[in-house]
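# Summary of the model geometry
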Amino acid sequence: MKLSAPLGTVSTVLAFSSLGNEKDEAIHKKYSLRRFDATRDQEALVEICQNVYGGSDYLPNIASSLAADPQCLFLVMADDANDRPAAVANARIFKHRMRWLEALRTGENHRSRGLARHLTQLLIDLSRSEQHEMYSCTVASNVAMQKVFERVGMKKISHIHQLSFAPLKELPGWKAGDDRAPKPLLQSIGAVDLVDGTARDMQWKTVTCEEELNTVLKQVKADGGIGHLVGLYELLPDSAVHESLRDGRVWKLVDTNHSEDESTGAGAAVFALTRDEKISSLSSRNVCSVAATTNLAFESALWQACCTDRCLSLLDGDTAFTVAFDGAIPIENSVLADALPLADDACLLFGSSSDI
């Protein structure tokens, strides 16, 4: 494969050391690797993404910002015949020694040639040469992407619960462009009464620094959780977490021992109100992220976020937030979870290392 522009200080030759089969050799002969150029590549990217997510792919709208972000390695496999992108992918530094693989797209005329696997392996090798491991998400129905992950050695680590946007957009004021005043989630779906008194009475404290947050997240991990705050199809990057901490939008559960019976204990828990600028179809870009391992802690966190002035007053009326929460929370045994419009297609978390 030819390199039409330098990729930075990383040795690109090293990155190709693990790629040597016949299919890879064919790719090397037909495609060139370079960074995404927002000026010359945008038109081709729009074409690649035109049928993704039913024609509502977010990637064309943020491509120029990814290309300009020093934390991102947004690469293009360009067809040597016309120098147009055949496949793209981005690897973003989102935490210390961790990159996030995202925006992996292959043009319809270039599929079934191994480009997605090849580009993913390349980005993993480049990342590891900088002592970063790679992580990513895909949905359960995307078997092709799961096979790509498996072929490059990425293993399933956990999963993330999140809500389906389709039913949310039916709620008054929740759809982008709907001028009606929205209510928070629990009020909008009529689920306030499903939160029992124990969950309502639990005490939460504002988290004031990263060290305090990391202590709680380590406890969540020890309880069987992911150990990170989650977002929509991602682990929250440090930048988003720092913004929420700065604005006083992160809370931890204080009293985790409401019963001598351990089966009803809440365990360690933390939740944050954060923003996801990729959201375009909802009226709010806010997301409530919950890291916990029990239904009791989850229900208490949702009650705090939706029903208390201490949380709602920080949102300036922008209260139609969606929710993402740790896959360790056992939703099968929750009456409240049954009432939530959960996404049917599970979000699966993969990593090049199982240590997360």
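Residues numbered from 1 in each chain as written. Predicted model: local features only at pLDDT ≥ 70, side-chain atom pairs only at ≥ 80, totals over all residues. Heavy atoms only, no water.

The subject of this paragraph is the nonpolar core. Residues Phe271 and Val290 are the most contacted members of the largest nonpolar core, which totals 57 residues. Considering each element in turn, this core owes the most residues, 8 residues, to helix 12 (residues 295-307). Among all residues touching Val290, those that are not within four sequence positions of it are Val230, Val270, Phe271, Phe298, Ala301, Ala324, Phe325, Asp326 and Ile329. Formed by 27 residues, the second largest nonpolar core is a distinct cluster that contains Leu119, Leu122, Leu126 and Leu348. (Core = buried A, V, L, I, M, F, W, Y, C linked by side-chain atoms within 4.5 Å. Buried < 20%, exposed > 50% of the residue type's maximum accessible area, 1.4 Å probe, protein only. Helix = DSSP H or I, 4+ residues; strand = E, 2+ residues; numbered from the N terminus. Contact = heavy atoms within 4.5 Å.)

Further remarks concern the packing of helix 5 (residues 115-128) against helix 6 (residues 143-151). Close contact between helix 5 and helix 6 brings their axes to 9 Å; oriented N to C, the two are set at 45°. In terms of their interaxial angle, helix 5 and helix 6 are classed as oblique. When you trace helix 5 past helix 6, the crossing you get is right-handed. The residues of helix 6 that touch helix 5, namely those facing Ala116, Arg117 and Thr120, are Met145, Val148 and Arg151. Taken together, the residues of the contact of helix 5 with helix 6 sort by class into 3 nonpolar, 1 polar and 2 charged. (Axes fitted to C-alpha atoms, helices over the stretch in contact; angles between N-to-C directions. Parallel < 35°, antiparallel > 145°, perpendicular 65-115°, else oblique. Left-handed = near helix turned anticlockwise from the far one by under 90°. Nonpolar A, V, L, I, M, F, W, Y, C, P; charged D, E, K, R; others polar.)

Attention shifts here to the pattern of salt bridges. A complete count under the given rule lists 21 salt bridges for this structure. Note that Arg34 is salt-bridged to Asp41, the shortest N-O span being 2.6 Å. Take Arg34 and Asp41: they sit in the same class, and that class is buried. Residue Glu47 pairs with Arg84 through a salt bridge whose shortest N-O separation is 3.2 Å. Taken together, the residues span a long stretch of sequence, with Glu47 in helix 3 (residues 38-49) and Arg84 in the loop between strand 3 (72-79) and strand 4 (85-95) at a distance of 37 residues. (Salt bridge = Lys/Arg side-chain N within 4 Å of Asp/Glu carboxyl O.)

With that settled, the discussion passes to the packing of aromatic side chains. Counted under the stated rule, the structure contains 7 aromatic pairs. Note on Tyr53 and Tyr58: the rings are 6.4 Å apart at their centroids and 20° apart in plane angle, and the pair reads as stacked. The exposure class assigned to Tyr53 is exposed, which follows from its relative accessible area of 54%. In textbook terms, an aromatic cluster arises when at least three aromatic residues are bridged by ring pairs, as seen for Trp204, Trp251 and Phe271. (Phe/Tyr/Trp six-rings, centres within 6.5 Å; stacked < 30°, edge-to-face > 60°.)

Time to look at the layout of surface pockets. Approximately 660 Å³ is the volume found for the second largest pocket. Lining the second largest pocket are 29 residues, and of these Arg92, Pro237, Ser239, Ala240 and Lys278 sit closest to its centre. Listing elements by their share of the lining of the second largest pocket, those giving two or more residues are helix 4 (59-68), strand 4, helix 11 (238-246) and strand 12 (270-275). For the lining of the second largest pocket, the element with the most residues is helix 11, which contributes 5 residues. Per-class residue counts for the lining of the second largest pocket are 11 nonpolar, 6 polar and 12 charged. (1 Å grid on protein atoms, 1.4 Å probe; cavity = no way out; pocket = protein on both sides within 12 Å on 5 of 7 lines; lining within 4 Å. Points joined across faces, edges and corners; volume = space filled by probe spheres on them.)

Honestly, it's all geometry; don't read function into it.
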